[in-house]
Amino acid sequence: MNFLSYLTGIRMEKAKQLLLATALPIAEISAQSGYGDYRVFTKVFKKSEGVTPSQYRRDFLEKGYYAPFAQAVAAAAVRHLAGREKPVLLDAGCGEGYYTAALAEALAPQNSEILAVDISKFAADKCAKRCKDVRCAVASVYHLPVGTESCDGVVSLFAPYCGEEYRRVQRG
């Protein structure tokens, strides 16, 4: 094995670890794995793993490894919103909608409205396609496109924490 193959192997292992353990954007994972250009990273990753980084992450989630966590988050949301009339829940940093879908399914009997935002247009589009009854938007968690005191709860699993903005949008 030559040095470049060895280095690529180390970089791919780091990338796979970040893809599965974080919700970092692919461009950030690319940089943290030693690639300055995410397009080069994607090409090398696909050659190494047979799928793009996004598909690798998606395939892992679809295997259900995180299903117990998704169900626990959804159950906590159901408890938090119990007794509220037509509650509104915001998923800040929804990604491709894996956890948003679990929330929507669990909250459907409560006639809840689910809002979801992500800074990535690609991810927000995936979420919108996956979660037909969820209103999705491209936005930063630091400038949420919802009114003051318009949500009964905010879920933020992997997005940066923005307490001031989350408090602004939550009802008292």
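Before reading on, note that the structure itself is shown above.
Quick caveat, the model's predicted, so the values are computed rather than measured.

Asks: Would you mind going over the overall build of the protein in detail, with residue names and values included?
Replies: Summing up its helical and strand segments, the protein has eight helices and four strands in all. What you see in the protein, going N to C, is helices and strands ordered as α-α-α-α-α-β-α-β-α-β-β-α. Viewed in the frame of its principal axes, the protein has a C-alpha envelope of about 65 × 30 × 25 Å. For the protein, the proportion of its 172 residues judged to be buried stands at 37%. Of all intrachain contacts in the protein linking residues separated by at least 6 positions in sequence, the fraction that spans at least 24 positions is 56%. Within the structure as shown, the protein displays about 9900 Å² of accessible surface, and the carbon and sulfur contribution to it stands at 56%. Charged side chains of the protein number 22 positive and 18 negative; the gap between the two group centres comes to 6 Å.

Asks: Describe the nonpolar core, with residues and values.
Replies: Grouped together as the largest cluster of nonpolar side chains are 19 residues, with contacts concentrated most on Leu 89, Leu 103 and Leu 107. In terms of nonpolar packing, the next biggest core, distinct from the first, is built from 14 residues, Ala 139, Val 146, Tyr 166 and Val 169 among them.

Thresholds, definitions, all that
Residues numbered from 1 in each chain as written. Predicted model: local features only at pLDDT ≥ 70, side-chain atom pairs only at ≥ 80, totals over all residues. Heavy atoms only, no water. Helix = DSSP H or I, 4+ residues; strand = E, 2+ residues; numbered from the N terminus. Buried < 20%, exposed > 50% of the residue type's maximum accessible area, 1.4 Å probe, protein only. Contact = heavy atoms within 4.5 Å. Areas by Shrake-Rupley, 256 points an atom, 1.4 Å probe, with all protein chains shown as cover. Lys, Arg positive; Asp, Glu negative; His and termini not counted. Charge placed at Lys NZ, Arg CZ, Asp CG, Glu CD. Core = buried A, V, L, I, M, F, W, Y, C linked by side-chain atoms within 4.5 Å.

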